[in-house]
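Structural characterization, general
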Amino acid sequence: MAVLGIPILEDLYPSTMDMWPLEAKEFNRNWQFYENLKQGRLTTTKCKGCGLVSYPPRVICPECYSEDLEYVDLPKKGKVIVFSEEVKGVPLGFQSPLIHAVIDLGVDPARRVLSRIVNCAAGTLKRGDEVQLAVFEVPALPIDKGKLGTVMSERVFFAFEPVKK
Amino acid sequence: MARNAVILAGGQCKWGVREAHLVDLFQEAAKACFNDIPTLKPKDVDGLIVASSYAGRCSFQVNTAPVIAERVGVKPTSICTRCDTLCAGGSTGIILATGLVQAGAADIVMVAGGEKLYTPQKWEVFYSELASVDHDWDGVHGMGLPPPFFALTAQEHMMHYGSTKEQLAAVSVANYNYAATNPVAQMQKNLTLEEAMNAPVVVPPLTLYDCCPITDGAAVCIITTDEIARKFTDRPLVYIRGTAQVCLNSVSANFPGAHLADWMHTKMAGEKAYARAKVGPGDIKVAQTHDCFSISEVIEVEELGFCKKGEGGDFCGSKQIEIGGKVPVNTDGGLLACGHPFGATGIRQGIEVMKQLQGRARHQVKDADIALTHNLSGANAEHTILIYGREPVK
Ligand SMILES: [Zn+2]
């Protein structure tokens, strides 16, 4: 695909323009978070040394600096505390309505998580509504493997969606 | 014995949608700065701190400091570096310059901030804003552009403290009217409450005039010691009395307040800066606070102690932020009307309070002797405060 004004970038992937995380193991020590997402699990890391649960996940505990961490599940359902709805002027990469909510997942440190709300028509969400985890595919990450060529590494990301009543 | 740091002079170029390159804007601002102090020459400057966060993304230029040094004709021998704290970059530069001149590691430091945000394709700067917050955890949710975050903030302020849309509009009206005669502001027009109340919706409850625009621009100031300053000027000296910069989180889920309208990190930064400056909120005669959105100014006047927590809406709605009010705020027009080229904003604020304390501001606050500037940056992740005064801390 041609890149307007920069023909040398045709068919090349600029990670500096990628809105999604570099989730692959080659580029991210928290790759397990995304692997868990693929299984429909929202997880984060807990320190086996001091017990601290951090969100987002870490590779080193910010409290005791232990490297001995494990993934634990966060609740997949939460309640909308407050939300905003953008209908016009939604930025590139997102569809209208672009809805953001502060969600209470009911456990620390996830009592006020900011997330996008998807699969929700404009004007239908209310404060206090129950929402659930929604995992979706995003474009695969093209990794240059030298002689092996470019390998496409599958990616997912998450948002929340209204629980059907 | 530490030396006393002062802000000696400053200037900015015309801010707005500029047909110019990033380095052009810095040159224009440097000229405006030297015009403000004709006795000082570029060869007198021994340090340069550049504040620019988007140079890397929008101008394909990192390591910006040497590039700017060459273009503005300074040859630093004590420090030549760039700082990147987005919206607080200019204030960060002034804090760093203050420490260097107080310690004797530099004598005359130019702090230069600027951004070129309008690129040939309009989508690019909006898309690049995904980098302004924690990319993988907030940007990815479409939180790069700040209106949704501050819309949530405004809603929670209304829920918890009963502030109204009309009180938000009063902030926009005050700041636009301050800027109406400011020749370097992006928005130079008077605004009525009716216009502000009937403006197009951005993200409810925020409408057009509640949000600062995207801005190209640069600003430059000079930080030195009082003894050196005396060789160059007979104007009253403006001392940097105390500073603070507080960062408790980056990802929005770890926001430190009880809700998005509880800015305990702003309060913490204020208390620290007041203590260092040996003054209190009641001593502040004029302030430039970070009005990226009208709601921000409402919360800032509370957390900085100009009124009680929760009463910011009343404070702003009852003209306490205007000339003759309790604490005139954003007297040159603030971010809402001057515009907001991130790294330049803190310097613009420093220049305005310098002029206020020297008695030469466009909207002069009578007998101003102590002033405050404030920035927030990221997804409300960091707060930066400087307190300036006509006297050094004793
Ligand atoms: Zn630990």
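In what follows, the accompanying structure is described. (Residues numbered from 1 in each chain as written. Chains lettered and ligands numbered in written order. Predicted model: local features only at pLDDT ≥ 70, side-chain atom pairs only at ≥ 80, totals over all residues. Heavy atoms only, no water.)

Regarding the overall build of chain A
For clarity, the threshold we go by: Put simply, DSSP H or I for four residues or longer makes a helix, DSSP E for two residues or longer makes a strand, and each gets a number counted from the N terminus. Here's how the labels work: a residue is buried when its accessible area is under 20% of the maximum for its type, exposed when over 50%, partly exposed in between, all with a 1.4 Å probe on protein chains only. What makes two residues a contact is simply this: any of their non-hydrogen atoms within 4.5 Å. Computed with a 1.4 Å probe, the accessible areas rest on the Shrake-Rupley method; for each residue, only the protein chains presented here act as cover. For the purpose of charge, His is not counted, nor are the chain termini; Lys and Arg are scored as positive and Asp and Glu as negative. One atom stands in for each charge, and that atom is NZ of Lys, CZ of Arg, CG of Asp or CD of Glu.
Across its full length, chain A holds one helix and eight strands. Secondary structure elements of chain A, listed N to C terminal, follow the sequence α-β-β-β-β-β-β-β-β. Dimensions of chain A, computed from C-alpha atoms along their principal axes, come out at roughly 50 × 45 × 25 Å. Residue burial in chain A is summarised as follows: out of 165 residues, 44% are buried. Long-range pairs, those at least 24 residues apart, make up 52% of the contacts in chain A between residues at least 6 apart in sequence. Surface exposure of chain A reaches about 9,100 Å², of which carbon and sulfur atoms provide 54%. Between the centroid of the 21 positive side chains of chain A and the centroid of its 21 negative side chains there is a distance of 5 Å.

Description of the packing of aromatic side chains
Here is the rule we go by: Only rings of Phe, Tyr and Trp enter the pairing, Trp through its six-membered ring, and a pair is recorded when the two centres are within 6.5 Å. The plane angle decides the type: under 30 degrees is stacked, over 60 is edge-to-face, the rest tilted.
Throughout the structure, instances matching the rule amount to 15 aromatic pairs over all chains. Geometrically, the ring pair formed by F150 of chain B and W263 of chain B is edge-to-face, given 6.5 Å between the ring centres and 75° between the ring planes. One end of the pair, F150 of chain B, is in helix α6 (residues 147-161); the other, W263 of chain B, is in the loop between β8 (239-247) and α10 (264-277), with 113 residues separating them in the sequence. Of the two residues examined, F150 of chain B and W263 of chain B, each falls in the buried class. An aromatic cluster is present here, built from W20, F33, Y34, Y55, F136, F157, F158 and F160 of chain A together with W137 of chain B joined pairwise through their rings.

Some remarks on the interface of chain A and chain B
Quick reminder of the rule: Two parts placed together each lose some accessible area under a 1.4 Å probe, and the buried area is that loss summed for both. Salt-bridge detection follows one rule: a side-chain nitrogen of Lys or Arg within 4 Å of a carboxyl oxygen of Asp or Glu. Amino acids outside the nonpolar list (Ala, Val, Leu, Ile, Met, Phe, Trp, Tyr, Cys, Pro) and the charged list (Asp, Glu, Lys, Arg) are all regarded as polar, and Gly is one of them.
Listed by partner, the interface residues are 36 residues for chain A and 32 residues for chain B. Note on chain A versus chain B: buried area summed over both sides is about 2,900 Å², and carbon and sulfur give 62% of it. Contact with chain B buries surface across chain A, with M17, R112 and L114 of chain A losing the most and accounting together for 23% of the total. The tally of links from chain A across to chain B stands at one salt bridge. Taking the shortest distance from any N to any O, the salt bridge between R112 of chain A and E156 of chain B comes out at 2.5 Å. Elements supplying a minimum of two residues to the side of chain A that touches chain B: α1 (31-38), β4 (77-86), β5 (98-104), β6 (113-117) and β8 (150-162) of chain A. Taken together, the residues of the side of chain A that touches chain B break down into 24 nonpolar, five polar and seven charged.

Observations concerning the nonpolar core
The tendency in soluble globular proteins is for nonpolar side chains to be buried side by side. Residue and element names in this part refer to chain B. Our working definition: Among buried residues, those of type Ala, Val, Leu, Ile, Met, Phe, Trp, Tyr and Cys that are joined through side-chain atoms within 4.5 Å constitute a nonpolar core. Either an automatic procedure or a domain database provided the assignment from which the domain bounds are taken.
M110, I223 and I387 are the most contacted members of the largest nonpolar core, which has 129 residues in total. If you tally residues by element for this core, the top one is helix α1 (residues 22-36), at eight residues. Mapped onto the domain boundaries, this core takes at least three residues apiece from domain 1 (5-122 + 215-232) and domain 2 (144-213 + 242-389). Setting aside chain neighbours within four positions, we find M110 in contact with A30, F34, V45, G47, L48, I49, V72, V74, V220, C221 and I222.

Some words on the sheet that holds strand β1 (residues 43-47) of chain A
Residue and element names in this part refer to chain A. Note the following rule: Pairing between strands is defined by DSSP: at least two bridges between them are needed.
As summarised here, the arrangement of the three strands in space is β2-β1-β3, forming an open sheet in which the pairing is antiparallel. Pairing within the sheet leaves two strands with one partner each, and these edge strands are β2 (53-54) and β3 (69-73). The pairing of β1 with β2 spans two bridges and is antiparallel. Each bridged residue has a counterpart across the sheet, and for K46 the counterpart in β2 is V53.

Focus on the coordination of the zinc ion
All names here are of chain A. Note the following rule: Because no water is among the atoms considered, metal sites can look incomplete, with donors defined as N, O and S atoms within 2.8 Å of the metal, or 3.2 Å for Na, K and Ca. Any coordination sphere not matching a tetrahedral pattern (four donors, all angles between 85 and 135 degrees) or a square planar or octahedral pattern (four or six donors, opposite donors over 155 degrees apart, other angles between 65 and 115) is reported as irregular.
Within the protein, the atoms that donate to the zinc ion are C47 (SG), C50 (SG), C61 (SG) and C64 (SG), at distances of 2.3 Å. Geometry at the zinc ion is tetrahedral, judged from the four donor atoms that bind it and their angles of 98 to 117° at the metal. Look at where the donors of the zinc ion fall in the sequence and you get C-x2-C-x10-C-x2-C. A residue pair is termed long-range when its members are at least 10 positions apart, and C50 in the loop between β1 and β2 and C61 in the loop between β2 and β3 qualify at eleven residues.

Topic: helix α3 (residues 64-72) of chain B
All names here are of chain B. Inspection of α3 places T64, A65, V67, I68, A69 and V72 among the buried residues, and these make up the whole buried set. In this structure, the buried residues of α3 make contact with α1, β2 (47-51), α2 (55-58), β3 (79-83) and β4 (109-115). Phi turns positive one or two residues past the end of α3, at G73, with a value near 75°.

Considering the environment of P38 of chain B
Residue and element names in this part refer to chain B. Along the chain, P38 falls in the loop between α1 and β2. Overall, P38 belongs to the exposed group, its relative accessible area being 54%. Separated by 298 residues in the primary sequence, P38 and L336 place their C-alpha atoms 31 Å from one another.

So, the packing of α6 of chain B against helix α11 (residues 294-303) of chain B
All names here are of chain B. Just so we agree on the cut-off: Every axis in this analysis is a line fitted to C-alpha atoms, fitted for helices over the stretch in contact. Angles between the N-to-C directions lie between 0 and 180 degrees. Just so you know how the angles are binned, under 35 degrees is roughly parallel, over 145 roughly antiparallel, 65 to 115 roughly perpendicular, and the rest oblique. In a left-handed crossing the near helix is turned counterclockwise from the far helix by less than a right angle, and in a right-handed crossing that turn is clockwise.
One way to put it is that α6 packs onto α11 with a least axis distance of 9 Å and a crossing angle of 55°. Considered as vectors, α6 and α11 are oriented oblique to each other. In this structure, α6 crosses over α11, and the sense of that crossing is left-handed. Two secondary-structure elements touch here, α6 through F150, T153, A154 and H157 and α11 through I295, S296, V298, I299 and E302. Taken together, the residues that form the contact of α6 with α11 break down as five nonpolar, three polar and one charged.

Description of helix α14 (residues 342-358) of chain B
All names here are of chain B. Note the following rule: In a helix, the anticipated span is given by 1.5 Å times the number of residues less one.
In this model, α14 (17 residues) spans 26 Å end to end at C-alpha, consistent with the 24 Å of a helix rising 1.5 Å per residue. With respect to burial, α14 is a largely interior element, 16 of its 17 residues being buried. Just downstream of α14, G359 is the residue with a positive phi angle, here 75°.

A few points about unusual backbone geometry
Leaving glycine aside, a negative phi is the common case for residues, and trans is the common case for peptide bonds. For the bond running from Y55 of chain A to P56 of chain A, omega is -5°, close enough to zero to count as cis. Cis geometry is found at the peptide bond from D108 of chain A to P109 of chain A, where omega equals 0°. Counting through the fold element by element, P109 of chain A comes out in the loop between β5 and β6. Its identity as a non-glycine residue notwithstanding, F60 of chain B has a phi of 50°, on the positive side. Overall, F60 of chain B belongs to the exposed group, its relative accessible area being 79%.

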